[in-house]
Amino acid sequence: MDQPHSKEVSEMEAAHISPELPVRWVVSADRTVEIKEEVTELGCDQANERILQEETPPSSVTERDTSIKLSELEPVPIQEESPVLEPVPVKPEAVKREALLNEGETSHDLYSNGEDGAELGSIQRKRRISQLETIQTHPSSQQQPRASRMHAPPSSSTNRFRVAASNHRDKERQCGALTSSHSKEKEELVPKKCSSSAVWAFFGFKSSDFKQSTILCKKCWKVVPAKGGNTSNLFHHLRHRHPVEYSKCIEKRSSDKPTKHSVIENQTPISESISNVAPYEPDSKRWKQITDAVTYFIAKDMVPIYTVEKEGFKKLLKMIDKKYQLPSRKYFSETALPALYDDCREQVAEALTRVQFFASTTDLWSSQTTEPYISLTVHYIDPDWKLCTKCLQTSYFPEDHTGEAIAQGLRDALSAWGLREELQICITTDSRSDVVKAAQLNAWKRLQCFGHRLHLAIENSVKGDKRIDHAIGVCKKLVSTFSCSWKKRKALSVAQAELSLPQHQLVTETPTRWGSRQRMIQRVLEQEEAIAQVLTADRKTRNLVPTWQDADVLRSLNKALSPLVAFTDVLSCENYVSVSYVKPVLHLLNNNILAVEEDDTELTKSIKEKILSYLNLKYSSTDTQDLLDVSSFIDPRFKVQYISEDRVAAIKARVVSEVESLLQQDKSFAAGASNTETESQEAPAKKLKTLGSLFKANTSGPRASKLVSEKDKIVLELNHYLLTPLADSESDPLIWWKAQQTNFPRLCKLAQKYLCIPATSAACERVFSTCGNIVTCKQTRLKPDTVDKLVFLAKNI
């Protein structure tokens, strides 16, 4: 059977195959039939594996050692060709050689070129199938019944070959060039650059295709054209050739499709896009604004300068504005802060040039590094009737703290700011002897700090009483016990909850804090039951429980001292007028608050009497009484309400004389008044046009008003002021004077002079607190000049 079949193939090659056909199809017509049978019997995949296992293609049926015979093939009905083509006498060897020469390679190369050879073979098979289709569609091609195919004459072998080739073409659509795909699995395709569509997961490019111009399917390795990166052809290819992969692609695209909210979240904000450009230049407006804000933050909030080097602060500024480059620590310490100090000093100096009267406070203190400093603050009312406070200096004072040295230092400080001593109305200080002597040497009027005086009065009232000393000692011990033991504090909280008491901690007495002793006593009495329950539970602390005698002493002290704390807090403020409160407060203490009541214990009565006697003694001097009386008189809330009747006339006379002297000193006021009178006298010189103007111009009548002296005007204005109703006790007297300035142009100057005096020296005490926040354990090497600048900025900017 092999010989006739080979003969039929030879005749077919000589008769119908043109020289352009490749040798692979010419010499392997019987192999085509065999492929058909294998695909039919084994299926496409197993047939493909059998084909791939053949490393070298055989040249004939006998070389493959196959037992397939033409007679064993399934009959296929093929009709005889009509007309029969005339065979061309061409030798098979010539046809094979001619085909190899046309293709440019040998038959061995077609099977041994590796991946390129496999690809070329696939392309050539498709080309030959196309040519066989052309032959099959020839008008003479007619199919015959399958039963007669085995008995067809030798010329019908051509038809059988055409049918086999056609069937092989149909199967190859499913197989998809299996031989070439097997060889290309060795090369991994490169994905598309910057691809976003899900379909690109099934397509790629060769690694040698740098431009990525030829798109290959990862499944069938077919070239799919996609002009300009359009994915329509890619989806079309998957939908028609690979339905499974197409469904996966659709699912992936639907899952990866962003929602409206996700698009908004992933979109880069405009501000961030703008911030990704070059940083600000050091001379740009925005850079200066941020740097000035950082400098202000360091100065006002009293933070260390090395804060600008901390990572958290840098990250904060980077988050606020990525274009801003934070300067170094040296820049802030040597450039930014000195520049801010110079600007602030100029502003303060300019404001002080418009000051007509001012008061001051001063005190000395030692920093954490035991360096002595002296502070000076001034208080004044500006033209807009606002009470202002300025810290002029916190100077290093290494000299001996004598009255003479302090007096000279204070004079130098005022002269450095261009302030005249005669414009200073009063200086408020505590009772230390060296400061008191300095005020006497400078001939400055001095007012005692009401807070210090009240504190000393309380200390004097409880001094020497053993009952009070024992009770205070017990309070201090039990407070210390709870402060040093967390277990006791925890037990106290539990006891407070059981007894329904406020969840308050105990207060420790601070000798330099006014009223801290009274707060300690008040808190111990409030938590008396809880303290006793906790201390009694421990055998070691039972002796600290206050006895009933100690409790009675503490209650007597609390009743006498509790009303005084409120006055200390109110008079320590520097944002509103306080000096006019001193006289009313003394009157209130004598007549109401510290007055003896029937239910008072002997200890309470004794404490009240000692406090009142001490305060009345310290404020009994004539200069102090005159200062407090005038200050209260010029306050529209009090006037003569708290001045004794025998002193009202004297105070009126003093007010008139002081206002008259102020007007004489104020040349501008006198000039303005004279100009007003001159204008009123020159007004009648104008042309008379009405009858009323004629009577107005006639100043020589029998009842012509005489010129009133300046003193009489002051008296009239003073009487008018006393006749006006009192202002509300909670109102601001400066606002009242601002509104009534046109009605009382002379008395308002006296109000600007006296109402700026502070009743306490709390302003200097606050300067000490500011210095304590600057000279800390982390900043102990600051120079005195730097401390002065930082304190000045913290208090004045």
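Given the structure is predicted, the values throughout are model-derived calculations rather than measurements. Numbering of residues starts from 1 in every chain and runs along the sequence as written. In keeping with the predicted nature of the model, local features appear solely for residues at pLDDT of at least 70, side-chain atom pairs appear and are counted solely at 80 or more, and the whole-chain, interface and lining totals rest on all residues. Calculated side-chain values reflect all of the structure's heavy atoms, with hydrogen atoms and water omitted.

Colleague: Which residues make up helix α18 (residues 433-441), and what values do they have?
Modeller: Three exposure classes are used, based on accessible area relative to the maximum for each residue type with a 1.4 Å probe and protein chains only: buried under 20%, partly exposed in between, and exposed over 50%. Segments assigned H or I by DSSP are reported as helices when at least four residues long, segments assigned E as strands when at least two residues long, and all are numbered from the N terminus. Among all positions in α18, only Asp434, Val435, Val436, Ala438 and Ala439 are buried. In this analysis, two residues are considered to be in contact whenever any of their non-hydrogen atoms come within 4.5 Å of each other. Looking at the packing, one finds that the buried side of α18 touches β3 (358-366), α17 (403-416), β6 (424-429) and β7 (446-448). Phi turns positive one or two residues past the end of α18, at alanine 443, with a value near 60°.

Colleague: Account for the packing of helix α20 (residues 466-483) against helix α21 (residues 486-499), with residues named and values stated.
Modeller: Axis separation between α20 and α21 bottoms out at 6 Å; the angle between their running directions is 100°. For the element pair α20 / α21, the angle class is roughly perpendicular. Residue-level inspection shows Thr481, Phe482 and Ser483 of α20 in contact with α21, the latter providing Lys488, Arg489 and Leu492. Here the term charged refers only to Asp, Glu, Lys and Arg, the term nonpolar to Ala, Val, Leu, Ile, Met, Phe, Trp, Tyr, Cys and Pro, and the term polar to all other amino acids, Gly among them. Of the residues assigned to the contact of α20 with α21, the class counts are two nonpolar, two polar and two charged. The axes are straight lines fitted to the C-alpha atoms, using for helices just the contacting stretch, and the angles between their N-to-C directions are given from 0 to 180°. The cut-offs work like this: below 35 degrees is roughly parallel, past 145 is roughly antiparallel, 65 to 115 is roughly perpendicular, and the gaps in between are oblique.

Colleague: Please give an account of the pairing of β6 that cites residues and values.
Modeller: Most of β6 is tucked away: six of the six residues are buried. Pairing between strands is defined by DSSP: at least two bridges between the two strands are required. As paired strands, β3 and β6 are joined by three bridges and run parallel to one another. Looking across to β6, one finds that serine 360 is bridged to isoleucine 427. Alignment of β6 against β7, held across three bridges, turns out to be parallel.

Colleague: Residue-level account of the environment of tyrosine 754, with values.
Modeller: Structurally, tyrosine 754 is set in helix α33 (residues 747-754). Note: C-alpha distance between tyrosine 754 and leucine 628 (126 residues apart in sequence) is 9.3 Å. Excluding its chain neighbours within four sequence positions, the residues that come into contact with tyrosine 754 are Ile425, Val579, Leu627, Val630, Ser631, Arg654 and Glu658. Polar contact is defined as a pair of N or O atoms within 3.5 Å, subject to the rule that within protein one atom must be able to donate a hydrogen and the other to accept it, and that residues adjacent in sequence are counted only when both atoms are side-chain atoms. A distance of 2.7 Å separates a polar atom in the side chain of tyrosine 754 from a polar atom in the side chain of glutamate 658.

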